[in-house]
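# Structural features, examined
Spelled out from the first residue to the last, the chains are:
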Amino acid sequence: MTIAIIVLMLLAYVLIASEHIIHINKATTAMFAGVVGWILYIIYVGDDKQAIAEGVFVQYSAYLCSIVLYLLSTMAIVEVLSDYGCFDFITNFLRTRSMQRFLWGTVLITFLLSANLDNLTTVVLMLVIMRRMLSSRRQRLYVGAAIVIAACCGGSFTVIGDVTSLILWTRGAVTPTSFAAAMIIPALVATAIPVVLISYELPDTLDINRRHIVFRGDDSSMPVWQRAILLFLGIGGLWFVPTFHRLTLLPPYLGSFCVLGVVWVVNEIFNRSRIHTEQPVTLPGSDRRLQYEVLQVIMFFIGVALGVSVLVEIGAMQSVGRWIDTYIHDIYVFSVFMGVLSAVLDNVCLVLSAVNIYDIMPDGQGLTMYEEFFTQNGQYWHLVILSACVGGCLLPIGSTAGLAFLKSEETSIWWYFRHISGKVLLGWIAALITYFAVDFLL
């Protein structure tokens, strides 16, 4: 039965990596494999079914639900802000004829947004804005690739910026301040180098779409200062989530629900005149694509988490850890391998697997130099995120953000490989060098 579960999960990983070929949604594959894996495990344990179902599985489910609830609350916050035109500031800021200003402004905003939101939400939002403004498909391809890189790298330096770093934080592998201090400079380097190289491929003047006014119903009467307040409460409020967790020790999703509650209350105060009339609360022309894409990611994460948890229970992940210790015994080599593998396999799968290979070592005396890599805020956890997030940009199929870009612009992996992959590789190498330099100086 153990072999059957391992074969099932390996087959699922192959199908996930080849989603663009077989055209089967990876969320479907992950959910099926995760559920079937647990069914096989329950059959295998025999008389201990009740203990496993009510004890072990409930613990995994509680952790999984806490991540899902956090993602759902951040999605709701973005939906409210987007529906009421709070992101129109971005469009106004980016409206220019200079390609350099547009490119770097887009990258900067994407990088900062992804530090608060998951990278898929940020990418979908910025791609929608880009398509409204750029008429040239060639320019959209290069700028869209830069958006993917900025979102993945920006999400890698905060514990709430990406599902992968959120996993590490909620498991206690890293702390918010230490993680951000170690990762922000490498993340900036990994973003800047590819974008500089991309800028050489673009003309000085961009082909901009003719300016048009988006009809939003009565929300167009909402003053700019009200939209600015909502944007500050929503995006800025998420920065408070790590502090909320540190002060209360309550799960991060409660902090994000608190932010959502404040945004919702303030929004209803600002729009009470429209809410109490016969005018629709849901605004015309609202884009549901963002909601659809994020829900797919959530279902994919649930499936992968279920699959990895059953591999932990049957001892497969521990066996992988022992094999790595015996034959590799070098986290630097392993992290590079993880980065290369994340180019073809979604980085969420890899990080969930890598996190469960090793336990978090307690700080204290008597640890070997190798064991210190796995303590809280150890280098292993940093390198896993850096390699998975940046390495996942080597090909667009390495992350959900990259897949969203492929679908949005209907481009090919071959185009991305020829024009973008080499630039990302240089940025990744420079980011690793920067990480070790910063770690040495600190």
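Residues numbered from 1 in each chain as written. Predicted model: local features only at pLDDT ≥ 70, side-chain atom pairs only at ≥ 80, totals over all residues. Heavy atoms only, no water.

Mean pLDDT over the chain stands at 82; residues scoring 70 or higher make up 91%. A low-confidence stretch, residues 212-220 (pLDDT under 50), is modelled with 15 contacts involving residues beyond four sequence positions or located in other chains. In this model residues 280-286 is a low-confidence stretch, pLDDT under 50, and it forms 12 contacts with partners more than four residues away in sequence or in other chains. (pLDDT = per-residue confidence, 0-100. Contact = heavy atoms within 4.5 Å.)

Under the defined criterion, the tally for this structure stands at three salt bridges. We note a salt bridge from Glu409 to Arg131, for which the minimum N-O separation is 2.9 Å. In this pair, Glu409 is assigned in helix H21 (residues 400-409) and Arg131 in helix H7 (residues 119-133), connecting sequence segments 278 residues apart. In this structure, the salt-bridge partner of Arg140 is Glu409, at a minimum N-O distance of 3.1 Å. Of this pair, Arg140 sits in helix H8 (residues 137-155) while Glu409 sits in helix H21, and the two are 269 residues apart along the sequence. As far as burial versus exposure is concerned, Arg140 and Glu409 are alike and both buried. (Salt bridge = Lys/Arg side-chain N within 4 Å of Asp/Glu carboxyl O. Helix = DSSP H or I, 4+ residues; strand = E, 2+ residues; numbered from the N terminus. Buried < 20%, exposed > 50% of the residue type's maximum accessible area, 1.4 Å probe, protein only.)

Mapped onto the elements of the fold, Thr158 is located in the loop between H8 and helix H9 (163-171). At 3.1 Å, the side chain of Thr158 and the backbone nitrogen of Gly161 are in polar contact. Apart from the residues lying within four places of it in its own chain, the contact partners of Thr158 are Ala115, Ser165, Phe179 and Trp239. (Polar contact = N/O pair within 3.5 Å; in protein donor to acceptor, adjacent residues only side chain to side chain.)

Right, let's get into a nonpolar patch on the surface. A surface patch of nonpolar side chains, amounting to about 470 Å² of accessible area, comprises Met1, Val35, Ile39, Ile43 and Tyr44. Using a relative accessible area of 38% as the deciding quantity, one classes Met1 as partly exposed. (Patch = residues over 30% accessible without salt bridge, like charges linked within 9 Å, V, L, I, M, F, W, Y side chains within 5 Å. Areas by Shrake-Rupley, 256 points an atom, 1.4 Å probe, with all protein chains shown as cover.)

Time to look at the packing of aromatic side chains. Evaluated as defined, the whole model comprises 18 aromatic pairs. Measuring from ring centre to ring centre gives 5.6 Å for Trp225 and Phe270, while their planes differ by 75°; the resulting arrangement is edge-to-face. Highlighted residues: Trp225 in helix H11 (residues 224-238) and Phe270 in helix H13 (residues 252-270), separated in sequence by 45 residues. A residue is classified by how much of its surface remains accessible, and Trp225, at 51% relative accessible area, is exposed. Taken together, a centroid distance of 4.9 Å and an interplanar angle of 50° make the contact between Phe374 and Tyr380 tilted. No difference in accessibility class separates Phe374 from Tyr380, as the two residues are buried. Ring pairing ties together the aromatic residues Phe334, Tyr358, Phe374, Tyr380 and Trp381, which thus form one cluster. Here the basic side chain of Lys26 rests over the ring of Phe300, its NZ or CZ set 4.7 Å away from the ring centre. (Phe/Tyr/Trp six-rings, centres within 6.5 Å; stacked < 30°, edge-to-face > 60°. Lys NZ or Arg CZ within 6 Å of the ring centre and 35° of its normal.)

Another aspect to go through is the packing of helix H4 (residues 49-83) against H9. Running from N to C, H4 and H9 cross one another at 135°; their axes reach a closest spacing of 11 Å. In this view, H4 runs oblique relative to H9, as classed from their interaxial angle. Handedness of the crossing formed by H4 with H9: right-handed. For the pair formed by H4 and H9, the contact residues are Tyr63, Ile67, Tyr70 and Leu71 on the first element and Val163, Leu166, Ile167, Thr170 and Arg171 on the second. Its residues assigned to classes, the contact of H4 with H9 shows seven nonpolar, one polar and one charged. (Axes fitted to C-alpha atoms, helices over the stretch in contact; angles between N-to-C directions. Parallel < 35°, antiparallel > 145°, perpendicular 65-115°, else oblique. Left-handed = near helix turned anticlockwise from the far one by under 90°. Nonpolar A, V, L, I, M, F, W, Y, C, P; charged D, E, K, R; others polar.)

We now examine the side chain of Thr191. Among the structural elements, Thr191 can be located in helix H10 (residues 176-199). The buried category is assigned to Thr191, whose relative accessible area is 4%. Apart from the residues lying within four places of it in its own chain, the contact partners of Thr191 are Val107, Phe111, Ile149, Ala150 and Cys153.

This part is about the environment of Ala187. Its place among the elements puts Ala187 in helix H10. Residues Ala187 and Ala430, 243 residues apart in the sequence, show an inter-C-alpha distance of 10.0 Å. If near-sequence neighbours (up to four positions away) are discounted, Ala187 is found in contact with Phe111, Cys153, Ser156 and Phe157.

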